[in-house]
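Below are the chains, spelled out letter by letter.
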Amino acid sequence: MRFEVFRDAWGIPHLRAGDPLSLAYGQGYVTAVDRAWQIEVERHRVLGTSAAFLGAEAAGWDRFARRARLADTARRCHAALDEDTRTWLDAYTEGIGAGLQVARAPEFARAGIEPGAWEPWTALGIWLSTHVLFAGFPAKLWRDEVVRRLGREAVELFATDGPGTSGSNGWLVDGARSASGAPLIAGDPHRFIEDPGVYQQIRLACPEFDVAGLAVPGVPGIGHFGHAGEVAWAITNAMADYQDLYRERLRRTPDGGVEAFGPDGWEPAHTHEEAGVEVVETARGVVVIGGPGEGTDEGEGISLRQPARVYEDLGFAALPALLRARTVADVDRAFDRWAEPVNVVLAADTAGGLLHRVAGTVPDRDPENRLRVVPAWEERYAWRGRTEPLPRAAVDTGVAVMANERSLAAPLGVEFAPPHRARRITELLAGRPVWDADGMRAVHTDTLLPSAGPLLTLVEALDGLSPEAAVLRGELLGWDRRMDADSALAAAYARVRAAVVRRIAAHDALAPLTGLMPAYPDVFRPWLALVPRVAYGLENLLRLDTIPYAERLAAVREAVEEIAAEPSAATWGELHRLAPWQALPDPDAAWPGLDGDHDCVLSTSGVPGITEFSARGPAARYVWDLADRANSRWIVPFGASGIPGDAHHRDQLPLWLRGELAPLVIDFALLTEEQHP
């Protein structure tokens, strides 16, 4: 298939072809050339074979991937695609194969492997494995333990955007509030930062469409963030709950099979062995924790039920439809076909159309399913179809903001992000009557930390401190609450916060929640560790009476005295360094310090009480200008190339750190054509 590759000064690929299939082939080709190692790791993660070359740390994921039947679900979703979408996806997969033939990633030699062949369903598998934990279903394990050990009311203590979830900021300013008279859409998805990055800047142009945006390497099209000239769109995680966990009673049968106890009694379950892993699937879903007993003894397990497997649909039909969108109505219809993850969508077009809605598949079932693990043998917890229609809202105030808070998608979830980011973005947008693309940097980079309030209120209440602690108290109360990398006061606050987190986590009131992790598989343990839960729920724990006021105040007093006794001139950036995930870690990498913190608009997250190193933050930033697409901007943390040593491997990092964005070049005459076989 014929296609052309052009690159801008940042090495970002702009593809041009005579038809959509040739363009899909070209997208696959250039993705393999730029990101061969990255997509090979993802392919192995789908199959549950990554530990063979990444080491024992990957074994927990591999076991989960096999038990969860990720590859088989991808196969089923591929088989259920409509013919047009399947043909388009197959062209992309063919391009991947051609690109892998010329890829030059040095990690293959380091790992001692060669690129493997892609199956027709591999792209669907990558999408599924990337997002299967995105909705945070393991949080139900945590909530189940909280309810059993502390009572249902205690769930609210920890009801925040916790350590296993990912979110985003996004906002829309309509034409009445923009300098050009046309809408602006901007934002930044917050995900675990990976090197190479989880988003790929790309432009796809053919006679039918011309779309620039952020793709997921290994997946065709531009699903999350795109600008098609006349229309643009962006998403954030809706924080909806759409996956369920069922407590299963399981037993062996005399012939070696497995039965599960359902609403109608004992029923056969599917079982097979895969690379030493027993895979069991009941009528509810795949068993991801526990399993049947030996002989005729009963055992207990927990099964996962998710829409992709039940409905054999990952929403891939939305991807080519989005590429062809010309209006907000087109985008709306395309997102009607979206499946998962469940997102909040903003879109605008040049004719004045605006869109603010939830998109995806959310099952209709008992509210208790959303809260915790439910018994498989009770009929009341069965799915009753899909929740329809999903919420939408009018954009009637000139702006719309989405930041994972409890708003549009509130009826669909349990845990949402604290409202700080959404409120702060709204406040910043209200601070100027007119906005342009350049001005959006002030929102992207805002470092005010509103969640510091409850802790500082307790600091203010302290008296009778040592002289050193009294000085620290005064400094903290005079601090501007900005988590700037060069701020020593931000670092002092963070050190006090971490000391408070450790003390609250050790309080007798929370003792029943210690020691949960060993009872669960490795992949779920981040959701079950107490210190991170306390860190992200600290506001509630310092405000509510689960721990008596005097004891909360004592914890803060001890923390202030501890930090005052160990003075440090360290800045926040010296403590809060970038810590990206790498499949093969680079031991010589010297990662920079970062502005921001978990609840800032510039959300860069460590785990207070454990580490201030930041593994999560803005995985991209964008500004889509509907007046002139060439006035749009975008950035990723590292670069367009995933190849170590390439000129474009990390050339965007300095801009990303400063909050600057690279221009979106539209004129092909300003790009450099690249020759390919």
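This section reports on the structure supplied with the text.

All right, on to the overall build of the protein then. Tallying secondary structure elements over the protein gives 22 helices and 24 strands in all. Viewed in the frame of its principal axes, the protein has a C-alpha envelope of about 75 × 70 × 50 Å. A burial count over the protein gives 64% of its 677 residues as buried. A separation of at least 24 residues holds for 70% of the contacts in the protein among residues at least 6 apart in sequence. Working note: accessible area of the protein is about 24,100 Å², and carbon and sulfur atoms make up 51% of it. Mean positive and mean negative side-chain charge positions of the protein (67 and 95 charges, respectively) differ by 2 Å.

Before going further, it helps to examine the packing of helix H16 (residues 467-478) against helix H20 (residues 549-564). Running from amino to carboxyl end, H16 crosses H20 at an angle of 105 degrees, the nearest separation of the two axes being 8 Å. Considered as vectors, H16 and H20 are oriented roughly perpendicular to each other. Where H16 approaches H20, its residues Glu468, Ala469 and Leu472 are matched on the opposing element by Val560, Glu561, Ile563 and Ala564. Residues of the contact of H16 with H20, tallied by class, amount to five nonpolar, no polar and two charged.

Time to look at the layout of surface pockets. To find leftover empty space, a probe the size of one water molecule is rolled over the atoms. Computed from the structure, the largest pocket encloses a volume of approximately 1,700 Å³. Forming the boundary of the largest pocket are 49 residues, of which Arg45, Phe192, Glu194, Pro526 and Trp581 lie nearest the centre. Elements with a minimum of two residues in the lining of the largest pocket: helix H1 (20-47), helix H3 (59-67), helix H7 (122-131), strand S4 (184-192), helix H18 (530-536), strand S19 (605-607) and strand S20 (611-618). Across the lining of the largest pocket, the residue classes tally to 29 nonpolar, 12 polar and eight charged.

Across the sheet, which stays open at both edges, the nine strands sit in the order S16-S15-S8-S7-S6-S5-S2-S1-S24 with mixed pairing between neighbours. Of all the strands in the sheet, just strand S16 (354-359) and strand S24 (672-674) have a single pairing partner and so form its edges. Sheet twist, expressed as the mean angle between neighbouring strand axes with direction ignored, is 20 degrees. Note: strand S1 (residues 3-7) against S24, three bridges, orientation antiparallel. Pairing of Arg7 across the sheet is with Thr672, part of S24. The sheet strands contacting helix H11 (residues 328-335) are strand S8 (231-237), strand S15 (343-349) and S16, and the helix crosses S16 at an angle near 5 degrees.

This structure, assessed with the given rule, holds 56 salt bridges. A salt bridge links Arg104 to Asp646; the nearest nitrogen and oxygen atoms lie 3.0 Å apart. Of this pair, Arg104 sits in the loop between helix H5 (83-100) and helix H6 (107-111) while Asp646 is found in the loop between strand S22 (633-635) and helix H22 (653-658), placing the two residues 542 residues apart along the sequence. Look at Arg104 and you get exposed, because its relative accessible area is 53%. Ionic contacts of the salt-bridge type, sharing partners, join the residues Asp144, Glu145, Arg148, Arg149, Arg247, Glu300 and Arg372 into one network.

The biggest cluster of nonpolar side chains holds 210 residues, and the ones touching the most others in it are Trp37, Phe64, Phe316 and Ile504. If you look at the next biggest cluster of nonpolar residues, it comprises six residues, including Ala260, Ala269, Val280 and Val287.

On to the packing of aromatic side chains, then. What the rule picks out here adds up to 21 aromatic pairs. Taken together, a centroid distance of 6.4 Å and an interplanar angle of 65 degrees make the contact between Trp624 and Trp634 edge-to-face. Pair noted here: Trp624 is in strand S21 (residues 621-625) and Trp634 is in strand S22, with a separation of 10 residues, a long-range link. You can call Trp624 buried: its relative accessible area is 0%.

Rules used in this analysis
- Residues numbered from 1 in each chain as written.
- Predicted model: local features only at pLDDT ≥ 70, side-chain atom pairs only at ≥ 80, totals over all residues.
- Heavy atoms only, no water.
- Helix = DSSP H or I, 4+ residues; strand = E, 2+ residues; numbered from the N terminus.
- Buried < 20%, exposed > 50% of the residue type's maximum accessible area, 1.4 Å probe, protein only.
- Contact = heavy atoms within 4.5 Å.
- Areas by Shrake-Rupley, 256 points an atom, 1.4 Å probe, with all protein chains shown as cover.
- Lys, Arg positive; Asp, Glu negative; His and termini not counted.
- Charge placed at Lys NZ, Arg CZ, Asp CG, Glu CD.
- Axes fitted to C-alpha atoms, helices over the stretch in contact; angles between N-to-C directions.
- Parallel < 35°, antiparallel > 145°, perpendicular 65-115°, else oblique.
- Nonpolar A, V, L, I, M, F, W, Y, C, P; charged D, E, K, R; others polar.
- 1 Å grid on protein atoms, 1.4 Å probe; cavity = no way out; pocket = protein on both sides within 12 Å on 5 of 7 lines; lining within 4 Å.
- Points joined across faces, edges and corners; volume = space filled by probe spheres on them.
- Pairing = 2+ DSSP bridges.
- Salt bridge = Lys/Arg side-chain N within 4 Å of Asp/Glu carboxyl O.
- Core = buried A, V, L, I, M, F, W, Y, C linked by side-chain atoms within 4.5 Å.
- Phe/Tyr/Trp six-rings, centres within 6.5 Å; stacked < 30°, edge-to-face > 60°.

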